[in-house]
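Breakdown of the fold
Okay, here's what each chain looks like letter by letter:
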Amino acid sequence: MKLFSFFLPAILIFFNPVNLFGEDISNAKSGTDELIKELILSEQPSNDLLENLSLLPADELMDEIMNFNDFPELEERGKLIRHMHPINDTLNAPYYVYTPKSYDPLISTPLMIWLHGGVSRKAFPEDLIEYFDEHFLKEKAEEEGWIVLFPMGKLNATWWDKTGMDNIIWQINKLRQTHNIDDDQIAMAGFSDGGSGSFHFAFLQPDNFAMFFPWSGRPDVGTQVSGTEVFIPNLRSGNIYAVNGGRDGLYPAAKLIPLMKYMIDEADVELSFTVYDTARHDWGYIAHESQFMVDKMRTVRRDLYTSRLYWECSDVQFGRNRWLEVMKLDTLSEKADWHRDFNFTMIEDRITIGFMADQSWEGEGVRVESLSNSDNSPAIQMKLKPGDLVIGMDGNHIASMGDLVDAKSKTKRGNSMVIKVNRKGKILELKADVPAAVEYEAFPHPRKSAAVKATRVGNNFYVNTSRVGEFAIYLHPNMVKLDQPIRLELNGKELDEHQIKPNSAVLLEGFIRDKDRKKLWVDKIV
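Predicted, not measured: the structure shown is a model, and the values here were computed from it. (Residues numbered from 1 in each chain as written. Predicted model: local features only at pLDDT ≥ 70, side-chain atom pairs only at ≥ 80, totals over all residues. Heavy atoms only, no water.)

Digging into the overall build of the protein
Note the following rule: Numbering of helices and strands starts at the N terminus; helices are DSSP runs of H or I of at least 4 residues and strands are runs of E of at least 2. The size measure is the radius of gyration over C-alpha atoms, and the globule rule it meets is 2.2 Å times the number of residues to the 0.38 power. Each residue is assigned to one of three classes by its accessible area relative to the maximum for its type, calculated with a 1.4 Å probe on protein chains only: buried under 20%, partly exposed between the two thresholds, exposed over 50%. For this analysis, residues touch if any pair of their heavy atoms sits within 4.5 Å. Note that accessible areas follow from Shrake-Rupley with a 1.4 Å probe, and for residues the cover is restricted to the protein chains shown.
A count of helices and strands for the protein gives 13 helices and 25 strands. Against the compact-globule benchmark of 24 Å for 526 residues, the protein has a radius of gyration of 26 Å, which places it among compact chains. Across its three principal axes, the protein shows a C-alpha extent of roughly 90 × 60 × 40 Å. Per-residue burial for the protein yields a buried fraction of 52% across its 526 residues. Of the contacts formed within the protein by residues at least 6 apart in sequence, a portion of 72% connects residues at least 24 apart. In the structure as shown, the protein presents an accessible area of about 24300 Å², 49% of it carried by carbon and sulfur atoms.

Here you go:
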């Protein structure tokens with residue numbers, strides 16, 4: 001275990017109102033302000049800029065970044081604006097931003113991110129400005145003074161694959177260049193797939209957000225679809241306010257209550273789970289939950305400097321949480337006795353046909369937009385086609401998506417289903433077998449994971465590791481006394497004291513990575 005840090009001393013010290021060149025100190029301050037402005041408002045700061053800023057004392061650099069408020073004035077406020085993110089040469093992702101009329105660039109402002117449902121379509125949703133103009137968040141944003149980000153997702157750019165997750169973080173960071181965002185008041189919410197996506201971010205990146213509102217989603221969807229491993233105890237680091245309906249045909253609350261109880265009782269996860277007995281897979285609870293969201297946004301802030309952390313990962317890409325980072329795994333070693341594999345056995349007995357509905361269809365019935373990738377789905381068996389209009393199922397008339405959800409709830413796994421469709425004016429009855437119910441682990445862990453549990457008491461850190469090859473502790477003045485040494489006990493053994501040496505290079509490295517004006521670490525122990 002090595003303890004080290006780097007220290008770049010400040011070389012510019014002014015003792016008089018003018019320096020050796022006869023220049024007023026105010027000019028130097030003005031030059032620093034311009035450097036900080038370039039750092040915060042540019043997407044990729046130059047090496048020369050970083051080199052110049054690294055010469056500043058760490059405390060001065062931190063103060064300049066935290067208190068920066070020279071953001072541009074925005075003419076387009078009180079309306080939804082469509083933007084594009086060129087992810088690569090062939091993929092441009094649309095996203096929408098709502099800036100309230102009351103927005104003041106001099107004041108740090110909360111940010112709400114809303115993830116839509118139906119994220120596995122083959123193409124991004126079309127222009128949705130009219131839809132979002134009627135979204136409840138627009139009203140709440142105006143009343144409360146929130147900025148709202150609406151990312152768009154699609155197949156291979158979902159809420160749980162790397163492309164889609166990186167896309168959202170890029171959009172947040174882009175907003176940090178144009179808006180005065182309060183980094184301790186960034187929240188993520190979503191419905192259906194958006195709710196499942198909110199859970200997925202809570203598992204993997206809780207320190208980027210103050211709270212999560214997963215509505216009508218399911219915690220295991222992201223890992224089941226993407227294969228990215230997640231670990232139940234990591235949810236201890238997030239403020240989670242989940243909601244499901246008792247009559248939800250897709251994710252009924254009765255199927256989720258045992259999982260939620262397991263996470264709370266066995267894994268010591270603090271989360272709020274609310275059930276609306278009569279709610280379907282819709283926004284039947286929106287009046288109450290939207291006000292609950294407002295109340296939480298007014299009172300809950302991110303806690304970066306918590307005194308206790310647990311973090312587990314099987315990929316160092318997701319090895320960081322707040323002031324703790326797993327940098328290398330040691331999967332050849334035995335795991336510690338306290339390192340449990342928390343998991344839960346689920347029963348897959350939902351009825352899925354295997355197609356995405358066309359949300360733009362306004363007529364009677366449910367029009368097929370695209371088919372899922374599953375070769376064993378009923379849709380593939382019965383040769384359902386895009387453009388088909390579903391008008392009946394097992395003798396039940398289908399006039400809307402709600403009718404289809406109700407009809408599916410009457411079908412059992414292992415039986416057959418008959419779908420009546422209108423195909424270009426021709427009425428057809430298509431039949432398929434529904435696979436039998438199966439048991440599965442909610443959170444598959446095919447690879448060995450590493451885990452760290454750490455407690456901070458003043459300048460004393462008590463760390464236990466399991467299968468960890470190397471880790472880092474990041475230090476901030478709000479956590480420790482900088483003029484006192486760090487005492488580290490690792491797996492019951494005291495190590496040499498670490499003398500804190502505030503380091504602008506460490507601070508800049510973290511800021512460039514996160515674009516977060518609160519995650520400003522001045523030193524690290526590795």
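With respect to the packing of aromatic side chains
This is how it is decided: Two rings from Phe, Tyr or Trp (for Trp, the six-membered ring) form a pair when their centres are within 6.5 Å of each other. A pair whose planes differ by under 30 degrees is stacked, one over 60 is edge-to-face, and the rest are tilted. Here, over-ring charges are defined by two tests on the NZ atom of lysine or the CZ atom of arginine: distance to the ring centre within 6 Å, and angle to the ring normal within 35 degrees.
The full count for this structure, using the stated rule, is 22 aromatic pairs. Ring centres of Tyr 95 and Trp 170 lie 6.2 Å apart, and the angle between their planes is 80°; on these two criteria the pair is classed as edge-to-face. One end of the pair, Tyr 95, is in strand β2 (residues 92–98); the other, Trp 170, is in helix α6 (residues 162–178), and 75 residues separate them in sequence. With a centroid separation of 6.2 Å and 85° between ring planes, the pair formed by Tyr 305 and Trp 521 is classed as edge-to-face. One end of the pair, Tyr 305, is in the loop between α10 (286–299) and β9 (308–313); the other, Trp 521, is in the loop between α13 (504–514) and β25 (523–525), with 216 residues separating them in the sequence. Each member of the pair, Tyr 305 as well as Trp 521, is classed as buried. One aromatic cluster is present, formed by Trp 114, Phe 136, Phe 191, Trp 215, Tyr 276, Trp 283 and Tyr 285 through successive ring pairs. The lysine or arginine in question, Arg 236, covers the ring of Tyr 310, its NZ or CZ lying 4.9 Å from the ring centre. Taking the ring centre of Tyr 474 as reference, the NZ or CZ of Arg 320 above it sits at 3.9 Å.

So, the environment of Arg 218
Worth spelling out the cut-off: Under the rule applied, a polar contact is a pair of N or O atoms within 3.5 Å (in protein, one hydrogen donor and one hydrogen acceptor; residues adjacent in sequence only if both atoms are side-chain atoms).
Within the element layout of this structure, Arg 218 appears in the loop between β6 (211–215) and α8 (221–226). The sequence separation of Arg 218 and Arg 121 amounts to 97 residues, and the corresponding C-alpha distance is 19 Å. For Arg 218, the contacting residues outside a window of four places in its chain are Ser 196, Phe 199, Tyr 251, Leu 256, Met 346, Glu 348, Arg 350 and Tyr 440. Within the structure, the side chain of Arg 218 is placed 3.3 Å from the side chain of Tyr 440, a separation counted as a polar contact.

Regarding the sheet that holds strand β21 (residues 460–466)
Sheet strands pair by backbone hydrogen bonding; their relative direction is either parallel or antiparallel. For clarity, the threshold we go by: Criterion used throughout: strands pair if DSSP finds at least two bridges between them.
Read from one edge of the open sheet, 5 strands run β9-β20-β21-β23-β24, paired in mixed fashion. Bordering the open sheet on either side are β9 and β24 (493–494), each of which pairs with just one other strand. Pairing analysis gives 7 bridges linking strand β20 (residues 450–457) to β21, with the strands arranged antiparallel. Across the sheet, Lys 453 pairs through a bridge with Asn 464, a residue of β21.

Describing a negative patch on the surface
Threshold: Like-charged residues within 9 Å of one another, or nonpolar side chains (Val, Leu, Ile, Met, Phe, Trp, Tyr) within 5 Å, are grouped into patches, provided each residue has over 30% relative accessible area and no salt bridge. Take a side-chain nitrogen of Lys or Arg and a carboxyl oxygen of Asp or Glu: if they are within 4 Å of each other, that pair is a salt bridge. Here the positive residues are Lys and Arg and the negative ones are Asp and Glu; neither His nor the chain ends is included. Taken as the charge centre is NZ of Lys, CZ of Arg, CG of Asp or CD of Glu, depending on the residue.
On the surface, Glu 126, Asp 127, Glu 130 and Glu 134 cluster together into a negatively charged patch. Relative to the helices and strands, Glu 130 resides in helix α4 (residues 129–133). Residue class for Glu 130 comes out exposed when judged on its relative accessible area of 67%.

Describing the pairing of strand β5 (residues 181–191)
The buried fraction of β5 is high, at 11 of 11 residues. Relative to β5, strand β3 (residues 109–115) runs parallel, the two being bridged by 6 bridges. Within β5, the residue paired with Trp 114 across the bridge is Ala 189. Bridge analysis of β5 against β6 gives 5 bridges, and the strand direction is parallel. Bridge pairing links Gly 190 to Pro 214 in β6.

Some remarks on the packing of helix α5 (residues 136–144) against α10
Under the convention used in this document: To get an axis, fit a line to the C-alpha atoms, keeping to the stretch in contact for a helix; angles then go from 0 to 180 degrees between the N-to-C directions. The handedness criterion is simple: a crossing whose near helix is rotated anticlockwise from the far helix by less than a right angle is left-handed, and one whose near helix is rotated clockwise is right-handed. When residues are sorted by character, Ala, Val, Leu, Ile, Met, Phe, Trp, Tyr, Cys and Pro go into the nonpolar class, Asp, Glu, Lys and Arg into the charged class, and all the rest, Gly among them, into the polar class.
For the pair α5 and α10, the least separation of the axes is 11 Å and the interaxial angle reads 35°. Two packed elements cross with a definite hand, and for α5 against α10 that hand is right-handed. Here Phe 136, Leu 137, Lys 140 and Glu 144 of α5 come into contact with α10, specifically with Ile 286, Ser 290, Gln 291, Met 293, Val 294 and Arg 298. Broken down by class, the residue content of the contact of α5 with α10 amounts to 5 nonpolar, 2 polar and 3 charged.

What about α10?
The condition is simple: Expected helix span is taken as 1.5 Å per residue step, with the number of steps being one fewer than the number of residues. Working definition: the arc comes from the directions between the helix axis and the C-beta atoms, pointing outward to the latter.
Helix length check: α10, at 14 residues, gives a terminal C-alpha distance of 20 Å against a target of 20 Å (1.5 Å per residue), a fit within 8%. Restricting attention to buried positions, one finds in α10 the residues Glu 289, Ser 290, Met 293, Val 294 and Met 297. Along α10, the residues classed as buried sweep out an arc of 150° about the axis, all on the same side. Residues of α10 that are exposed and point over 90 degrees away from its buried face: Ala 287, Arg 298 and Thr 299. If you follow the buried residues of α10, they end up packed against β3, α5, β5, β6, β7 (240–245) and β8 (271–276).

A look at the pairing of β2
Summarising burial for β2: 6 of the 7 residues are buried, a large majority. Here strand β1 (residues 80–86) pairs with β2 via 7 bridges, running antiparallel. Within β2, the residue paired with His 83 across the bridge is Tyr 95. Bridging between β2 and strand β4 (residues 147–151) involves 4 bridges; their strand directions are antiparallel. Bridged to Tyr 96 within β4 is Phe 150.

Points about the sheet that holds strand β10 (residues 320–321)
An order of β10-β11-β22-β25 is seen for the 4 strands of this open sheet, with the pairing classed as antiparallel. Of all the strands in the sheet, the pair left with one neighbour each is β10 and β25. Judged from the 2 bridges that link them, β10 and strand β11 (residues 324–329) form a sheet pairing that is antiparallel. Residue pairing in the sheet places Asn 321 in a bridge with Leu 324 of β11.

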